[in-house]
Amino acid sequence: MRDLIKAEYYKLKRLPSVHMIFLFAFLAGVVQEFSPCRGYQVYTISLAPQLFDVVLISVFTAAFLCVERSWRTIGNALLSGMSRRTVFFAKLSAYVPAFLVLILLPLAVSVCVATIRNGFGADGDALFFEWMAALFFYIVYRFFMAGLSIFAATVIQNPLGTLGISVAGNYLISRVKNPMGNVVTYETLIFGVIGTVISLCLAAFVFERIEIR
């Protein structure tokens, strides 16, 4: 499995589309916060779900998980005797850390730009635990959105189809159920965690049974 994980990381590093997505996320963080807002205001605003997040997550998932025809990592792994479950979790092992960097990159860049230009403007020590709780849920909710995108990629196996279903599904859910519009509670955290687990379990179930195209 170690060699398979290495192959997934190699694919991640070699995909031009992934490089472009990370560059776009960085530039978006720089450009979107040329405003009078202070660093803590930018931090607070950036934690709320936005259409930008939906598109960024959907594009990254489609770019990384729907390139089997050109890379053939799944077919080669199955021919070498590995189970589909092993292949699925090897892909997740490369996807998760890259995804975590991707969702934190524009947030970190925008806060840094705003702080350099206008100062941070708040007592970080007094609000540290509140901000960390909000950041934790920011990550949980983005992983929930990623879970839906991974499920779409597993079922559809086509970049354009995955992108369309992922954007539409995540956007509708963010409109119907917007937990970030309220105070972070155990209920909203549980909603995000359970939703993520269900999406990944369904994706793994489908991946073990679907025909790889």
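Up top is the structure.
Residues numbered from 1 in each chain as written. Predicted model: local features only at pLDDT ≥ 70, side-chain atom pairs only at ≥ 80, totals over all residues. Heavy atoms only, no water.

A. How the structure looks around the pattern of salt bridges. Across all of its chains, the model carries five salt bridges by this definition. Linking Lys 11 and Glu 8 is a salt bridge whose minimum nitrogen-to-oxygen distance equals 3.1 Å. Of the two residues, Lys 11 and Glu 8 both sit in helix H1 (residues 2–14), three residues apart, roughly one turn of that helix. There is no split in this pair, since Lys 11 and Glu 8 are both buried. Three or more residues joined by partner-sharing salt bridges are found here, namely Glu 8, Lys 11 and Lys 91. (Salt bridge = Lys/Arg side-chain N within 4 Å of Asp/Glu carboxyl O. Helix = DSSP H or I, 4+ residues; strand = E, 2+ residues; numbered from the N terminus. Buried < 20%, exposed > 50% of the residue type's maximum accessible area, 1.4 Å probe, protein only.)

B. Focus on the packing of helix H3 (residues 39–46) against helix H7 (residues 84–118). At a minimum axis separation of 8 Å, H3 and H7 run at an interaxial angle of 155°. Judged by the angle between their axes, H3 and H7 are roughly antiparallel. At the point where H3 passes H7, the crossing takes the right-handed sense. Residues Gly 39, Val 42, Tyr 43 and Ser 46 of H3 lie in contact with H7, whose contacting residues are Leu 107, Ser 110, Val 111, Ala 114 and Thr 115. Among the residues making up the contact of H3 with H7, the classes are represented as five nonpolar, four polar and no charged. (Axes fitted to C-alpha atoms, helices over the stretch in contact; angles between N-to-C directions. Parallel < 35°, antiparallel > 145°, perpendicular 65-115°, else oblique. Left-handed = near helix turned anticlockwise from the far one by under 90°. Contact = heavy atoms within 4.5 Å. Nonpolar A, V, L, I, M, F, W, Y, C, P; charged D, E, K, R; others polar.)

C. Quick peek at the side chain of Ser 166. Residue placement: Ser 166 occurs in helix H9 (residues 159–176). For Ser 166, a relative accessible area of 3% corresponds to the buried category. Contacts of Ser 166, omitting those with residues within four sequence positions, involve Val 54, Ser 58 and Ser 149.

D. Looking closely at the nonpolar core. Membership of the largest hydrophobic core comes to 47 residues, with the highest contact counts inside it found for Tyr 43, Leu 47, Phe 60, Phe 88, Tyr 95, Phe 99 and Leu 107. Elements with a contribution of two residues or more to this core: H1, helix H2 (16–31), H3, helix H4 (51–65), helix H6 (73–79), H7, helix H8 (124–156) and helix H10 (186–209). Contacts of Leu 107, omitting those with residues within four sequence positions, involve Tyr 43, Ser 46, Leu 47, Leu 135 and Tyr 138. (Core = buried A, V, L, I, M, F, W, Y, C linked by side-chain atoms within 4.5 Å.)

E. Inspection of the packing of aromatic side chains at higher detail. Applying the stated criterion to the full structure yields 14 aromatic pairs. Between Phe 22 and Phe 60 the ring centres are 6.1 Å apart and the planes differ by 90°, which places this aromatic pair in the edge-to-face class. With a gap of 38 residues between them, Phe 22 in helix H2 and Phe 60 in helix H4 connect regions that are remote in the sequence. Note on Phe 60: relative accessible area 0%, which makes it buried. Between Phe 60 and Phe 64, the aromatic rings sit 6.2 Å apart at their centres with planes inclined by 10°, giving stacked as the arrangement. Taken together, the residues span about one helical turn, with Phe 60 and Phe 64 both in helix H4 at a distance of four residues. Given a relative accessible area of 0%, Phe 64 falls into the buried group. Ring-pair connections join several aromatic residues into one group, and the members of that group are Phe 22, Phe 60, Phe 64, Tyr 95, Phe 99 and Phe 143. Residue placement shows Lys 11 over the ring face of Phe 64; its charged tip is 4.8 Å from the ring centre. (Phe/Tyr/Trp six-rings, centres within 6.5 Å; stacked < 30°, edge-to-face > 60°. Lys NZ or Arg CZ within 6 Å of the ring centre and 35° of its normal.)

F. Looking closely at the side chain of Thr 154. As for its position among the elements, Thr 154 is in helix H8. Accessibility expressed as a relative area gives 8% for Thr 154, which makes it buried. If sequence neighbours within four positions are ignored, Thr 154 has contacts with Phe 88, Ala 203, Val 206, Phe 207 and Ile 210.

G. Broad picture of a nonpolar patch on the surface. Taken together, the side chains of Phe 151, Val 155, Tyr 186, Ile 190, Ile 194, Ile 198 and Leu 202 define a hydrophobic patch exposed on the protein surface, amounting to about 670 Å² of accessible area. Mapped onto the nonpolar patch, the elements with two or more residues apiece are H8 and H10. (Patch = residues over 30% accessible without salt bridge, like charges linked within 9 Å, V, L, I, M, F, W, Y side chains within 5 Å. Areas by Shrake-Rupley, 256 points an atom, 1.4 Å probe, with all protein chains shown as cover.)

Keep in mind these values describe shape, not function.
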